[in-house]
Amino acid sequence: MSRPTTTAAQRTAAIGRHLMSTSASSSTSHKDAPDEAPVLFESNGAVRTYVLNRPKKLNALNEPMLNLLRPQIEEWSQGKLAKVIVGRGIGRAFCAGGDVESVVRYASSPETRPKAIDFFHREFEMDYILAAVPKPYVCVMDGITMGGGVGLAVNAQFRIATEKTVFAMPETKIGYSPDVGASYFLSRVDGEIGTYLGLTGATITGRAVFEHGFATHFVESRRIPALLEHLAALENPTYQRINELIEEARSEREPDEPSTAIIGAKREALDSAFSHNTVEKIVATLTEIATSHKDEEVRQWAQNTLEELDKRSPTSLKVALAAIRRGKQMNLLDALQMEMNIATAFCNGVTPDFKTGVFAVLVDKIKDRPNWSPSRLEDVEDSEILQTFFSEYTPEKGTAPKLTPPPYLTNANKLIDPMQYALPTEAEIRSMVDGSHKASGATEITLDELLAKFDSLRKGKSGVREKILEVVQRKCAFEDDRHMDKQWLKWKH
């Protein structure tokens, strides 16, 4: 994008700091050229929209953007005129991540290190505020949504994926660890999909983002403008009405449209490999699958995954796995605080890998494996990881900042379930099969009855039938009842 005028001194200083955004921080520039602000704000009926506006930087989140976002989101959250909050981005990204290059440069010097830590502090508080906002929040992930962008989006009650969505948590590629609440949301999606994505940094795209629960709806990109207009026209934008409106704009799967690659035997192999609590055991299981699995496609997937893991920072892999396992037992605020502690450790240089990775991948753009230290998994002690990243830096010890949400967001345990409007989870499907679901009404169920139950519960939601059939194929057996001429579903343990 073109930029507002700055003085030569300002330009020189900005280049010297290697910041990803310069003129965006000037309040005078915002007044002179409002279209060039890094975040734009729109009002349409009862809808208030923030628009990330750094398209040339793929809307990467930086300090000026946080400066603008938080006060406006808080004003909308507490005001009476705003009934719905919408987030979207300009260009081919919603938000490609955070400004980690600037963070690493700040962290490299003791004098500027507090600025690096403060960036994460304010980013994580912003993520929590959006997750806990006391009114409907709709996030449109129409394009690249990675890292810090995922943090802004993934706990919204309504998350819209399109065919342009590219979703990833790629932090282990740069010697860091998935943050912005990743330990919370990656640990709660089906099976070990979240562990796989968190460790490998792999991307999923389009409809797969919806099918794996990271989005609640799938809508074609071309339909988004009309959908947002219809949203603004709602007289009473309740959660249920918003859900119905987005569902009306849904895009059904085309007959020739490829499904997500992580299904069937490959998904079974993934869940098996990434279920372990040490990276060494994950690697060992993948190695066994790569050499002995009967399915050639699964063997190749395992080999490719091993090669990807080998490129990642061994320290980052161990930190990421430990955080995801711990995050499953935490609420979102506690998970974000844990990640704040971890980020503080990284900024304090407890490992050189963060700086090494950022410069190798983002600055020098090398294609080879960065020079990680230690370079091998076996040289990274699990006990040292737990001490350094999970114990040494905490608010209680005065070594890490405490996340403090605004007082109007009082109960961290009463957030709206981000899966409420998504496809049914594997756990929910299982509870219906084994009779523990509150709506099951029986201890035995046929496939047709299972499909009918969820069609009713989800009010005909697109994608429910496909999700259930895929889960049943992997996780259920059929038991003949000749007396009643039925086939009961039985969950395989």
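Heads up: the structure comes first, above all this text.
A. Here's a closer look at the overall build of the protein chain. Within the protein chain, the secondary structure is distributed over 21 helices and twelve strands. Compactness check: the protein chain gives a C-alpha radius of gyration of 23 Å against a globular reference of 23 Å for 493 residues, within 12% of the reference. Seen along its three principal axes, the alpha-carbon backbone of the protein chain occupies a region of about 85 × 60 × 45 Å. Of all intrachain contacts in the protein chain linking residues separated by at least 6 positions in sequence, the fraction that spans at least 24 positions is 72%. For the protein chain, the computed accessible surface area is about 21900 Å², with 50% contributed by carbon and sulfur atoms. Here the protein chain contributes 61 positive and 67 negative side-chain charges, whose respective centroids are spaced 3 Å apart.

B. The arrangement of the sheet that holds strand β4 (residues 93–95) in detail. Spatially, four strands are ordered β4-β6-β8-β9 in an open sheet, and the strand pairing comes out mixed. Where the open sheet ends on each side, the last strands, each with one partner, are β4 and β9 (204–205). Two elements, strand β6 (residues 144–146) and strand β8 (residues 166–168), share three bridges in a ladder whose sense is parallel. When the bridges of β8 are listed, Met146 appears paired with Ala168.

C. The arrangement of helix α12 (residues 264–273) in detail. Those residues of α12 not exposed but buried are Lys266, Arg267, Ala269, Leu270, Asp271 and Ala273. If you follow the buried residues of α12, they end up packed against α8 (193–200), α13 (279–292), α14 (296–311), α19 (426–434) and α21 (464–475).

D. Spatial organisation of the packing of aromatic side chains. Counting across every chain of the model gives 14 aromatic pairs. Centre to centre, the rings of Tyr176 and Phe346 are 5.0 Å apart; their planes meet at 70°, and the pair counts as edge-to-face. Here Tyr176, found in the loop between β8 and α7 (182–185), pairs with Phe346, found in helix α16 (residues 332–347); they are 170 residues apart in sequence, far enough to count as distant. According to the relative accessible area criterion, Tyr176 is buried, its value standing at 2%. Residue classification places Phe346 among the buried positions, given a relative accessible area of 3%.

E. Spotlight on unusual backbone geometry. Residue Pro374 is bonded to the preceding Ser373 through a cis peptide linkage, with omega at -5°. For Pro374, the location among the structural elements is in the loop between α17 (353–363) and α18 (382–390). With a phi angle near 60°, Asn59 is a residue other than glycine that sits in the positive phi range. Looking at the element boundaries, Asn59 is found in the loop between β2 (47–52) and α3 (63–78). Here the phi dihedral of Val180 falls at roughly 50°; this positive angle occurs in a residue that is not glycine. For Val180, the position within the fold is in the loop between β8 and α7.

F. Highlighting the sheet that holds β2. Taken in spatial order, the six strands line up as β1-β2-β3-β5-β7-β10 in an open sheet, and their pairing is mixed. Two strands lie at the open edges of the sheet, namely β1 (39–44) and β10 (217–218), each paired on one side alone. Sheet analysis places strand β5 (residues 137–141) next to strand β7 (residues 158–161), joined by four bridges and oriented parallel. By the bridge assignment for β7, Val138 is matched with Phe158.

G. Seen up close, the pairing of strand β3 (residues 84–89). Across the six residues of β3, five count as buried, placing the element largely inside the fold. Sheet topology note: the β2/β3 ladder contains six bridges and is parallel. Each residue of the ladder has a partner; that of Val51, found in β3, is Arg88.

How each quantity is defined
Residues numbered from 1 in each chain as written. Predicted model: local features only at pLDDT ≥ 70, side-chain atom pairs only at ≥ 80, totals over all residues. Heavy atoms only, no water. Helix = DSSP H or I, 4+ residues; strand = E, 2+ residues; numbered from the N terminus. Rg over C-alpha atoms; globule rule 2.2 N^0.38 Å. Contact = heavy atoms within 4.5 Å. Areas by Shrake-Rupley, 256 points an atom, 1.4 Å probe, with all protein chains shown as cover. Lys, Arg positive; Asp, Glu negative; His and termini not counted. Charge placed at Lys NZ, Arg CZ, Asp CG, Glu CD. Pairing = 2+ DSSP bridges. Buried < 20%, exposed > 50% of the residue type's maximum accessible area, 1.4 Å probe, protein only. Phe/Tyr/Trp six-rings, centres within 6.5 Å; stacked < 30°, edge-to-face > 60°.

Spatial relationships are all this shows, so hold off on functional conclusions.
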